[in-house]
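Observations on the three-dimensional arrangement
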Amino acid sequence: MTQHIDSVKAYVGVFIALIILTFTTVYVSQLELGEFHIIVALLIAFIKASLVAWIFMGVRHSSKMTRLFVVAGLLWLGIMMLITFGDYTTRIWDYTPQPWSQKPTVGGVH
Amino acid sequence: MAETIVPVGHEPVGHEPPPEVTHLRHHFATTEQQLDASMLGMWTFLITEVLFFGGMFTAYAVYRFMYPAAFASTSVYMDVWLGGINTAVLICSSLTMAMAVRSAQLSRERPLVLFLILTMIFGTIFLVIKYIEWHSKWVEHLVPGFNFQYNEAPQYTHHAQILFFLYFCMTGMHALHMIVGLGLLTYLLIQAIRKVFTAYYFTPVEMIGLYWHFVDIVWIFLFPLLYLIGYHHPK
Amino acid sequence: MATIVQGTPEAVAEPVDYLNVSHTWKSWLFTTDHKRIAVLYLISITLMFVLGGAAAVAFRINLLSPEGVFSAETYNRLFSMHGIIMVFFFLVPSIPATLANFLIPIMIGAKDLAFPRINLLSWYIYVVGALFAIYAVVRGGVDTGWTFYAPFSSTYSNSYVLAAAFGVFIAGFSSILTGLNFIVTVHKMRAPGMTWSRLPLFVWSNYATGLIQVLGTPVLAITMLLLAFERIAHVGIFDPNIGGDPILFQHLFWFYSHPAVYIMILPGMGVISEIISCFSRKRVFGYNFVAFSSMAIAVLSFVVWGHHMFITGESMYSSIAFSILSFLVAVPSAIKVFNWTATMYKGSISFDTPMLYAFGFIGLFTIGGLTGLFLATLATDVATHGTYFVVAHFHYVMVGGMVMAYMGGLHFWWPKITGRMYSEAWSKFSALLVFVGFNLTFFPQFILGYLGMPRRYHNYPPEFQTLNVLSTAGASVLGLGYLLPIIYFLHSLKYGARAGNNPWGAAGLEWQIQSPPTTFNFDETPVVTEEAYNYGPVEEIVG
Amino acid sequence: MLASLAPILADLPPLWPTQASAQAGPIDDLYIFLTVVSAVMTILIFVAIIVFAYKYRRRAHPHATQIEGSTKLELAWSISPFLIMLIMFVWGAKLYYAAQNPPKDAMEVFVTGKQWMWKIQYPDGGREIDELHVPVGQPVKLTMASEDVIHSFSIPAFRIRHDVVPGHYDSVWFTPTKPGRYHLFCTEYCGNQHANMIGWVDVMEPKEYANWASGGGAQGTLAEQGEKLFQQFGCSTCHLLDQQGRCPILRGLYNKPVQLNDGRTVTADDAYIRESILDPNAKIVAGFEPNVMPQFKGQVTEENVIQLIAYIKSLSPSTPASQQGVQQRPVVIAPGATGAMPNVKSPATQEKQPR
Ligand code: HEA
Ligand code: HEA
Ligand code: CUA
Ligand SMILES: [Cu+2]
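Residue numbering note: each chain is counted from 1, following its sequence as written. Just so you know, chain letters begin at A and ligand numbers begin at 1, following the order they were written in. Local features in this predicted model are restricted to residues of pLDDT 70 or higher, and side-chain atom pairs are both shown and tallied only at a pLDDT of 80 or more, whereas totals for entire chains, interfaces and linings draw on every residue. Remark: hydrogens and water are excluded; side-chain values derive from all non-hydrogen atoms of the structure.

1. Focus: the coordination of the iron atom of ligand 2
All names here are of chain C. The cut-off we apply is this: Water is not among the atoms examined, so metal sites may look incomplete; donors are the N, O and S atoms within 2.8 Å of the metal, or within 3.2 Å for Na, K and Ca. Metal sites are grouped by the angles between bound donors: all angles between 85 and 135 degrees with four donors is tetrahedral, opposite donors over 155 degrees apart with the others between 65 and 115 is square planar for four donors and octahedral for six, and any other pattern is irregular. A run of H or I in DSSP counts as a helix once it spans at least four residues, and a run of E counts as a strand once it spans at least two, with each numbered from the N terminus.
Of the protein atoms, only His82 (NE2) and His395 (NE2) coordinate the iron atom of ligand 2, at distances of 2.0 Å. The site at the iron atom of ligand 2 holds six donor atoms, and with the angles between them running 87 to 179 degrees, its shape is octahedral. Note that histidine 82 is positioned in helix H4 (residues 72–91) and histidine 395 in helix H16 (residues 388–418), a separation of 313 residues in sequence.

2. Focus on the packing of aromatic side chains
Each aromatic ring pair is characterised by the separation of its centres together with the angle its planes make. Put simply, the test is: Two rings belonging to Phe, Tyr or Trp (six-membered ring only in the last case) form a pair when the distance between their centres is within 6.5 Å. Interplanar angles under 30 degrees mark stacking, angles over 60 mark edge-to-face geometry, and anything in between is tilted. Exposed residues in this analysis have more than 50% of their type's maximum accessible area, buried residues have under 20%, and partly exposed residues fall in between, with area computed by a 1.4 Å probe over protein chains only. Consider the ring centre and the ring normal. A charge sits over the ring if Lys NZ or Arg CZ is within 6 Å of that centre and within 35 degrees of that normal.
Scanning the model with the defined rule gives 86 aromatic pairs over all chains in all. Both rings, one in A:Tyr11 and one in A:Phe56, keep their centres 5.8 Å apart while their planes meet at 65 degrees; by these two values the pair is edge-to-face. Residue A:Tyr11 is found in helix H1 (residues 8–28), and its partner A:Phe56 is found in helix H2 (residues 36–56); the two are separated by 45 residues along the sequence. The same class applies to A:Tyr11 and to A:Phe56, which are both buried. Measuring from ring centre to ring centre gives 5.4 Å for C:Phe79 and D:Tyr189, while their planes differ by 90 degrees; the resulting arrangement is edge-to-face. Here C:Phe79, found in helix H4, pairs with D:Tyr189, found in the loop between strand S9 (180–186) and strand S10 (199–204), and the two come from separate chains. The exposure classification of C:Phe79 matches that of D:Tyr189, with both residues buried. These aromatic residues form a ring-pair network of at least three members: B:Tyr77, B:Phe126, B:Trp134, B:Phe148, B:Tyr150, B:Phe164, B:Tyr167, B:Phe168, B:Trp219, B:Phe223 and B:Tyr227. One Lys or Arg, D:Arg57, reaches over the ring of D:Tyr54 and ends 4.4 Å from the middle of that ring. If you follow D:Arg274 out to its NZ or CZ, it ends over the ring of D:Tyr169, 5.5 Å from the centre.

3. Focus: the side chain of C:Arg198
Stated formally: Polar contacts here mean pairs of N or O atoms no more than 3.5 Å apart (in protein, one a potential hydrogen donor and the other a potential acceptor; neighbouring residues in sequence count only if both atoms are side-chain atoms).
With respect to the element layout, C:Arg198 can be found in the loop between helix H8 (161–188) and helix H9 (201–233). Polar side-chain contacts of C:Arg198 include one of 3.3 Å to the backbone oxygen of C:Val528.

4. Some words on the interface of chain D and chain C
Rule in force here: We call two residues in contact whenever any of their non-hydrogen atoms come within 4.5 Å of each other. A simple way to read buried area is as the amount of 1.4 Å-probe accessible surface that goes missing from two parts once joined, with both sides added. Salt bridges are defined as contacts in which a side-chain nitrogen from Lys or Arg sits within 4 Å of a carboxyl oxygen from Asp or Glu. Residues are grouped as follows: Ala, Val, Leu, Ile, Met, Phe, Trp, Tyr, Cys and Pro are nonpolar; Asp, Glu, Lys and Arg are charged; every other residue, Gly included, is polar.
Chain D puts 90 residues into the contact, and the matching count from chain C is 106 residues. For the pair chain D and chain C, the summed buried surface comes to about 8700 Å²; carbon and sulfur atoms form 67% of the total. Here chain D is connected to chain C by one salt bridge. Ionic pairing is found between C:Arg283 and D:Glu68, a salt bridge with its closest N-O pair at 3.6 Å. At the boundary of chain D and chain C, one finds 31 residue pairs in polar contact (both at pLDDT 80 or more). Elements that contribute at least two residues to the side of chain D that touches chain C include exactly helix H2 (24–55), helix H3 (71–100), strand S7 (160–164), S9 and helix H9 (347–350) of chain D. Sort the elements by how many residues they give to the side of chain D that touches chain C and H3(D) lands first, with 19 residues. Along the lines of polarity and charge, the residues of the side of chain D that touches chain C split into 48 nonpolar, 27 polar and 15 charged.

5. Observations concerning the sheet that holds S10(D)
Pairing between sheet strands relies on hydrogen bonds along the backbone, with the strands arranged either parallel or antiparallel. Residues and elements named next belong to chain D. As a reminder of what qualifies: When DSSP locates at least two bridges between a pair of strands, those strands are taken to pair. Axis geometry follows a simple rule: fit a line to the C-alpha atoms, using only the stretch in contact for helices, then measure angles between N-to-C directions, giving values from 0 to 180 degrees.
Strand order in the open sheet made by the five strands is S4-S10-S9-S6-S7, with mixed pairing throughout. Of all the strands in the sheet, the pair left with one neighbour each is strand S4 (131–135) and S7. Strand-to-strand twist of the sheet, defined as the mean angle between neighbouring strand axes without regard to direction, takes the value 20 degrees. Sheet analysis places S9 next to S10, joined by five bridges and oriented antiparallel. Note that in S10 the partner of arginine 181 across the bridge is aspartate 202.

6. What to know about the coordination of the iron atom of ligand 1
All names here are of chain C. Within the protein, a single donor atom binds the iron atom of ligand 1, namely His393 (NE2) at 2.2 Å. Between the two metals, the iron atom of ligand 1 and the copper ion (ligand 4), the spacing is 4.5 Å. Residue placement: histidine 393 occurs in helix H16.

7. A look at the sheet that holds strand S5 (residues 140–146) of chain D
All names here are of chain D. The five strands are arranged S3-S2-S1-S5-S8 in an open sheet whose pairing can be described as mixed. Two strands close off the open sheet at either side, each with one partner strand: strand S3 (127–129) and strand S8 (170–174). Taking the axes of each pair of neighbouring strands and ignoring which way they run, one obtains an average angle of 25 degrees across the sheet. Pairing of S5 with S8 involves five bridges; the strand directions are antiparallel. Its bridge partner being in S8, valine 140 is matched across the sheet by phenylalanine 174.

8. Details of the nonpolar core
The following threshold applies: By nonpolar core we mean a set of buried residues, namely Ala, Val, Leu, Ile, Met, Phe, Trp, Tyr and Cys, connected to one another through side-chain atoms within 4.5 Å.
If you look at the biggest cluster of nonpolar residues, it comprises 386 residues, and the most contacted ones within it are D:Leu132 and D:Phe153. Looking at this core element by element, the count peaks at 21 residues for H16(C). Core analysis: the next-biggest nonpolar cluster, separate from the first, contains 31 residues, D:Leu253, D:Ala268, D:Ile306 and D:Ile312 among them.

9. Details of the site of ligand 1
Note the cut-off: A cutoff of 4 Å decides nearness: a residue is near a molecule or strand if any of its heavy atoms lies inside that distance of it.
Neighbouring residues of ligand 1: 34 residues in total, closest C:Tyr262, C:Asp381, C:His385, C:His393 and C:Arg455. Near ligand 1, the surrounding residues are drawn from chains C and D. The side chain of C:Trp146 places a nitrogen or oxygen atom 2.8 Å from an oxygen atom of ligand 1. Here the shell around ligand 1 takes eight residues from helix H14 (residues 353–376) of chain C, the largest share from any one element. Among the residues making up the shell around ligand 1, the classes are represented as 24 nonpolar, eight polar and two charged.

10. Some remarks on the interface of chain B and chain A
Listed by partner, the interface residues are 51 residues for chain B and 50 residues for chain A. Buried area between chain B and chain A, both sides added, is near 4500 Å², and the carbon and sulfur share of it is 81%. Applying the counting criterion to the chain B and chain A interface returns zero salt bridges. Joining chain B to chain A, the criterion identifies two residue pairs in polar contact (both at pLDDT 80 or more). In terms of residue count, the dominant contributor to the side of chain B that touches chain A is helix H2 (residues 31–66) of chain B (19 residues). Residue composition of the side of chain B that touches chain A, by class: 34 nonpolar, 10 polar and seven charged.

11. What about the site of ligand 2?
Residues and elements named next belong to chain C. Around ligand 2, 34 residues are found, and the nearest of them are Arg60, Tyr75, His82, His395 and Arg456. Contributing elements (two or more residues each) for the shell around ligand 2: helix H3 (34–62), H4, H16, helix H17 (424–451) and helix H18 (465–495). The class makeup of the residues in the shell around ligand 2 is 23 nonpolar, eight polar and three charged.

12. A look at a nonpolar patch on the surface
All names here are of chain C. So the rule is basically this: Here the term patch refers to residues with relative accessible area over 30% and no salt bridge, with like charges joined within 9 Å and nonpolar side chains (Val, Leu, Ile, Met, Phe, Trp, Tyr) within 5 Å. Note on areas: Shrake-Rupley, 1.4 Å probe, and residue coverage restricted to the protein chains presented here.
A grouping of Val50, Leu480, Leu483, Ile486, Ile487, Leu490 and Leu493 is seen on the molecular surface, where their side chains present a nonpolar patch of about 610 Å² in accessible area. Sorting elements by how many residues they give to the nonpolar patch places H18 first, with six residues. As for its placement among the helices and strands, leucine 493 is situated in helix H18.

13. A few points about the confidence of the model for chain A
When pLDDT is low, close inspection of the predicted coordinates is not appropriate. Note the following rule: Each residue carries a pLDDT score, the predictor's own confidence in it, on a scale running from 0 to 100.
Summarising the model, chain A shows a mean pLDDT of 78, and 80% of its residues fall at 70 or more. Low confidence marks residues 93–110 of chain A, where pLDDT is under 50. Its contacts with residues over four positions away, or in another chain, come to 56 contacts.

14. As for unusual backbone geometry
A cis geometry characterises the amide bond from C:Ala150 onward to C:Pro151, with omega recorded as 0 degrees. One can find C:Pro151 in the loop between helix H6 (116–139) and helix H7 (152–156). The omega angle of the peptide bond from C:Ser515 to C:Pro516 is -15 degrees, so this bond is cis rather than trans. Relative to the elements of secondary structure, C:Pro516 occurs in the segment after H18. In this model, B:Ser107 sits at a positive phi of 60 degrees, which is unusual for a non-glycine residue. Position of B:Ser107 relative to the elements: it lies in the loop between helix H4 (80–105) and helix H5 (109–139).

Laid out in structure tokens, this is it:
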């Protein structure tokens, strides 16, 4: 592995970006965004995490294999969360609240 | 899966310094192979960590979906200031950690020691603030299973308790990782003072750096999920 | 640290190998040699197997009569410990931690695994986990079944759930570390010329297993931890009284435990590929497909877990999706079965003991896998869930499949591991006993299951007795079948004939080095120039 | 010779379960299909192995012919099994789907699982433990709840089974077709006496059933029992039948949409009413205050809940829910309706924990 040494500038730049994003997320959380609230919060968190991974953790210099591993980790987390969620959001005979819509829920098909 | 043949036995360009300097272990052919193996091992380990925390995140997602109002009601007790400061502290520590790795890569011994110490200081500050927060939760009777009483909105007692449980689990696991990280940093510090790390051998610094940044990333997600839920939710 | 070979006068007579290089306790307990660690694992999991097997024998005796002989309490603790020990402390580490630990570095031409000290650490972690489990047994056992379903385990059971769950939690880390080590080793330690397409299929299947271990086990760990917290502090994460959802526990548990069943079969499939090819003197038919199917199983195994929850009140749409995905994961298994069969076509087949086990594997795994399809089919799962049909299914794949493969692998590589041959006649006899005993034990359970006999019952309606008696009779034959190898293997250590480097005439790097191998396996790093299973040039192209 | 075998054969255990419901036949057909496919595949593979093992044994065939493999063959034996599996999947899913949708005219029976017994309640008020009586030919829908851990309600002769998960209402339905007495099992491990959580299902001719049923219900129908409880638990002190106090009117509630105070709308089905009684604060009706209605968890059993639901149901004419608009009942915001009664702590959650 050839060494890549990042400049101090890059590190400090990321640092400043992270701090700004932290303020942004706190600020945004106080706006009336309704359901988009969480989406924005997670989006910002994702950008922050990517910055840390990409620069601080050096993914940008890493091999394809390392990147594949990183993506695989996230993918598996996604599989676990999405499929579990798929169950909770599609149970129709069991009362589940539906915060994402204002439409009446389909009641028990008992 | 397309990967080329590993460069075992293939001579690296330039001169390979002696094993005392590179800390090459017997079963590796080259330093490069050893470094690659360590890094891949570390990343694989971090994947297991992602899924370890992932179990709690899944539980969080499910219950937040089931009990949105109860979860939102807890935000009154979450100190966004302390959480925010802690986020900043961790970001600082990530910066100093990155700088520490950089110093090691450049064989700069004094800065390495300095940055390691700074990282540890930030880590400690984080834990102290965390302790203050937990303590206030204890005082406010918000520790599930021990003294839980939810006066904010008694109708949500049960469901808010789930959130507080997840709060303690997730921040607790995170803090545990910080403590382990501090232990590892102490080890690094000792080695750094003994001038073990050079441009030829800094794998431990780099690996522990990765770990430290990962712990930072976990917090980056915990902060909005735990502190900013329904911050502005209509009562 | 591995000890350096010292040429003592006594050792001059015999060639130095990893076994006789040193005899002190310390040299074993602090070894970093993957081969010695494999032997340590072999001893520990054998003990656990005997413990789990003893529990099975005990509760099979109970099932001889409808009223049973044990109290409900005893029975429940027996089958729970049987399941927990067999799964987490025997079958999950079985082939990976022993045979693969021993063979992977050799097969890819490396001196050791990438992280020898982590390898040793994983054994210590395993031992600590096992001690916790044994502590739970000694204190009075645990009665939750191996599945630990909440809220029974978290709130109602008054047995030693915490100790057992903690043991499982700890053992999980040992499994993670083993998997991590394999992944890195296969990526980074291959000898020059050992390309991915030249890897023995055994390495491929263990690589795939490693992926599952790394990606799945952490979730089991956190699930066990949450369960423990719930039990200690009663915080409501799974307890419906406080708004928790018991089905969430099942999601998290099966997210690990379904893929785990492939941790418990993939390495076995790898062993079978090696054995079939060796005793047919033939390259494996369709190498690429077999290798790729291991990876496909590893990936797909993560999206089918809900088939254990068809009737729990999981969403109907989820169930339907999980059902079709379960069929999808069966396809790569089908590929393997057909390819093994095709490998024998125009081979030159000999019937040594490992091959007998391989035959047993193919037959029993096929039956076990096909009955898995009954369970993946929604309507028939409704009729058979929670009955002995499921018990029969998983023993066919786990015992008929994986344990057969493990035994086959042990017989195949025993000469390499110990340098000695075991008794040919006895080993064939015991293979026969295992096959007959196994079918007698578990085939009647399919019928019992469809008749409706529920699992985890310490007593049962009298009309089920005949089949249960057959099953118990089979279990005693099976027990004998497993007892014999323990005896003749031990016997061979001292009295067995010297095996030589390559008793089976097999291809593969491990057969080109000394038996038993030296501490660093190879004097110099080998350079690989040929495909795996090179038993001669390709003579015929089909289709 | 053969004749002497006859008594032994007669003594053999049954190899096939009785078919006693309309569900059993179709499921058995699918099962037979699966068995045949499996048998064919198994025999195919066994025969191939035996033939190869014999024909190419080393003595007869000392030199193996090396074959690389064949993509065409590989694809053939990956795709064709999958096609066969698709048949299994579609067939199984169809039956499963049907099992989730009980017919409208199904008779409703309530089942409560509890360590270690099955408590059965009939709409006419009859109650039994570990016995279920049903008439031949009548579709029956079971609504099931658990008071403690997960149980699973299973009748092998009917080929039906469903878990009974605490905190949920689960349901399952069947149409018995053959009079007789069949096993009823718990098939989810639920503790010590799991194996004794068994009972019987009696399938009776309709006439016989009518006879038997007339004997039951001494304490009135389920709804009448519920009415009594409604008085006994003091529900009636708040929920006046026709007059809006500080509580919602329950008449006409069942199966109607309910507007909640957080903006959501839900349907007042069994599960909702159950939750409203056990944990009223989980969902607050728009215009009302939380913490007024006491929590009845720990005071009423799941059986009581079923009786209360039956009563509340009986207050609604049985019109389909779909035609109703949101919030037809008048809503008046009651002034000063807070903090009337303290929450009743559930004794179940206070129990000492075994470790
Ligand atoms: C080694 C372990 C192992 C393996 C490999 C498998 C393999 C499979 N299992 Fe099994 N299973 C278990 C261990 C295993 N299982 C355990 C332990 C349980 C119970 C847990 C508990 O509750 O305690 C269980 C339970 C279980 C259930 C839940 C039952 C229930 O509780 O209701 C289901 C449901 O879908 C299932 C399905 C399958 C399928 C589809 C496969 C497939 O992977 C099988 C694929 C193989 C084949 C299909 C055979 C070869 C193919 C051919 C010869 C081709 C010809 C085929 C056709 C033409 C169709 N299994
Ligand atoms: C790796 C997995 C594995 C293995 C190898 C086995 C092996 C065996 N199992 Fe196990 N079994 C499980 C995994 C396994 N099982 C699991 C996960 C469950 C579910 C648990 C639950 O419900 O939670 C289960 C449940 C289970 C049941 C259902 C219990 C119930 O639901 O009430 C039964 C019933 O017959 C059974 C029988 C057997 C038998 C007879 C063997 C035999 O193969 C054992 C043979 C081994 C020996 C006998 C020991 C070695 C021999 C000697 C030391 C010689 C001395 C012995 C004699 C002289 C007899 N098992
Ligand atoms: Cu109830 Cu088992
Ligand atoms: Cu499964």
